Structures are given as structure tokens and as C-alpha cells.
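# Breakdown of the fold
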Amino acid sequence: MDVGGLKMGRTPARESQPVRPVDPQIVEQTLPYLTAVVADMVRFQLLTAVRPQEVYNLRPCDIDRSEKIWRYTPEHHKTEHHGKSRTIFIGPQAQAILAPYLERDPSECCFQPRESEAQRNAERKSKRATPMTPSHRRRVAKSNRKRPPRANYGVDTYRRAIARACDTLDKLLKTEQNQQQVSQGQPARYKFEKNEPRLFPHWHPNQLRHTQATLIRARFGVEMAQVMLGHSNVKVTEIYAEKDQAAAARIAAEIG
């Protein structure tokens, strides 16, 4: 016997907030504050509308490059327990992002935290105003031995990498506003306390899929969004792809 879904507000079960798309301009502003590896993960996910785990579990051996449009068949995916297959199509822009990461062991993940961490350390080293002291080198070496970077990303590490960039941007914007306030003879507005309102919002990888779903729906219709996202039910696509309210407003303006 089939069991119906839980009704919102009618059970004691915890109800999570719906995932909303993230503004592409917010994503674009975040990219320079991510390492090159994580920035490429974000770009790839936004172009392909894949789930976060389909980004960080991606391996060269999962990709068929025999045709103009590549096909990515994940080893595991969300609906495999229902006996459903999953094929992700990779177009030219996403191919260009992915190509440098394919020159590795075919069974290794394309996007790796150890490479990202090496980039981050190199950037911090280049920005040092003074040379690193011997004691500092020893502390860094000891820290690296305790917690070596993982070989592949997970849901938490991918999300945290983006959150750090958002926090950096928020701090920079608040610092800029404080400087403006002080230059005008007024006290600094922000004290960088935990509960202060944010100037730059937090966003997370799941929102990228919703963003692209909305863009695909607005341009090609809900049926094509269903195909691209790999949904068997158009109602699921409706959850992901929010209605294009700007288009509705233009129609309303024309018909009065």
C-alpha cells in the first residue's frame, strides 16, 4: 500500500525551509574569493545544474567524450535505488572548465581538496608582508601532519569553502562602510559581532541547481528543465524551477 506524503504544518516533523535559487550576480561576486578549484566546481555546477555530490564525486572514468556533447554517468546518484539511470550532458563551456582536471588517474576525483589547499597556502604565502620565521614553518608543518587535506570533497567541505568566501566578502564590505563612516566623522557602524546583519549573504551549493533550473525553465520551458535536471515527475521540477516572475510582469504590462 502506498503511503501519502506528509502535509505541511500537519505533523510534528521538523519542516525545513525551501531551497531558493541564488542570484547569479551573487555567485559571480563570490568566485574571486574562492580557490581556483572550488570556483571551477561552482561554475561547472551552475552550467550543468547537477547536484553537489555529482560535482565532487566526478571522475574522468565517468565521462564519455566520444561525442561533441560529453555524457557524465555518475557511479551513484540520488534515485538509483528506484532503478533509474542518470545521464548528465556537458556542453562546451563546462567542458572547457573540466578539461584540465581530466589529466589524472581516471578513478580519482577531478576536484580535490589537497589541490585547493595548496592554492590557498600559496596565495597566503604570496601576500605575506614579512618572511615566514622558522618557528612559524614548524607550526605549519605540524598542523599539516595532523590534518592532511582529504582526497575528495564532501557535502560539508564544499559548503564550508563557499561559506568562508561569503564571510570574507561580508567582512570586506563592512570594513569599507566603517571606513566611510569614520572619514565622515561618524563612529564605525559594524563591530563584526556574531549577530550583526550581513551585507553579503550566505549561499550554498544546493542553490546553484535551483538557479539553473529556473533559468532553463524561463528559456526552454518546464519540460526541458525536467529533462536537464533528470526528474521523472514534472512536479519535482516545479519545486526546483521557480516561475519567471519578470516574464509574467512583462506580459501583464502588454495586456494591461
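Attention here is on the structure that accompanies the text. (Residues numbered from 1 in each chain as written. Predicted model: local features only at pLDDT ≥ 70, side-chain atom pairs only at ≥ 80, totals over all residues. Heavy atoms only, no water.)

## Digging into the packing of aromatic side chains
Taken as a whole, this structure holds 3 aromatic pairs when the rule is applied. Their ring planes at 50 degrees and their centres at 6.4 Å tell us that Phe 44 and Phe 111 sit as a pair that is tilted. In this pair, Phe 44 sits in helix α2 (residues 36-48) while Phe 111 sits in the loop between α4 (92-98) and α5 (113-126), placing the two residues 67 residues apart along the sequence. Owing to a relative accessible area of 0%, Phe 111 belongs among the buried residues under this scheme. Here Tyr 101 and Phe 111 contribute two aromatic rings whose centre-to-centre distance is 4.7 Å and whose plane-to-plane angle is 55 degrees, an arrangement assigned as tilted. Pair noted here: Tyr 101 is in the loop between α4 and α5 and Phe 111 is in the loop between α4 and α5, with a separation of 10 residues, a long-range link. Look at Tyr 101 and you get buried, because its relative accessible area is 7%. The structure contains a cluster of three or more aromatic residues connected by ring pairs, namely Phe 44, Tyr 101 and Phe 111. Geometry around Trp 70 places Arg 65 over its ring, the cationic atom sitting 5.7 Å from the centre. (Phe/Tyr/Trp six-rings, centres within 6.5 Å; stacked < 30°, edge-to-face > 60°. Helix = DSSP H or I, 4+ residues; strand = E, 2+ residues; numbered from the N terminus. Buried < 20%, exposed > 50% of the residue type's maximum accessible area, 1.4 Å probe, protein only. Lys NZ or Arg CZ within 6 Å of the ring centre and 35° of its normal.)

## Structural notes on the sheet that holds strand β2 (residues 70-72)
Strand order in this open sheet of 3 strands is β1-β2-β3, and the pairing throughout is antiparallel. This sheet does not close on itself; its edge strands, each paired only once, are β1 (63-64) and β3 (88-90). Relative to β3, β2 runs antiparallel, the two being bridged by 3 bridges. Note that in β3 the partner of Trp 70 across the bridge is Ile 90. (Pairing = 2+ DSSP bridges.)

## As for empty space enclosed by the protein
The tally for this structure, following the rule as stated, stands at 1 cavity of 30 Å³ or more. Each pocket or cavity is described by its volume, and for the largest cavity that value is around 40 Å³. What lines the largest cavity is simply Pro 52, Tyr 56, Val 155, Tyr 158, Arg 159, Pro 205 and Asn 206. Elements represented by at least two residues in the lining of the largest cavity include exactly α3 (52-56) and α7 (155-183). It is α7 that provides the largest number of residues to the lining of the largest cavity, a total of 3 residues. A breakdown of the residues in the lining of the largest cavity according to their chemical character gives 5 nonpolar, 1 polar and 1 charged. (1 Å grid on protein atoms, 1.4 Å probe; cavity = no way out; pocket = protein on both sides within 12 Å on 5 of 7 lines; lining within 4 Å. Points joined across faces, edges and corners; volume = space filled by probe spheres on them. Nonpolar A, V, L, I, M, F, W, Y, C, P; charged D, E, K, R; others polar.)

## Side note on α7
Taking 1.5 Å per residue as the helical rise, α7 with its 29 residues ought to reach 42 Å, and the 43 Å between its terminal C-alpha atoms agrees with that figure. Residues of α7 that are buried: Thr 157, Tyr 158, Ala 161, Ile 162, Ala 165, Cys 166, Leu 169, Asp 170, Lys 174, Asn 178 and Gln 181. Of the surrounding secondary structure, the elements contacted by the buried residues of α7 are α1 (24-30), α2, α3 and α8 (206-220). Immediately downstream of α7, the backbone of Gly 185 shows phi near 80 degrees, a positive value. (Expected span 1.5 Å × (residues − 1). Contact = heavy atoms within 4.5 Å.)

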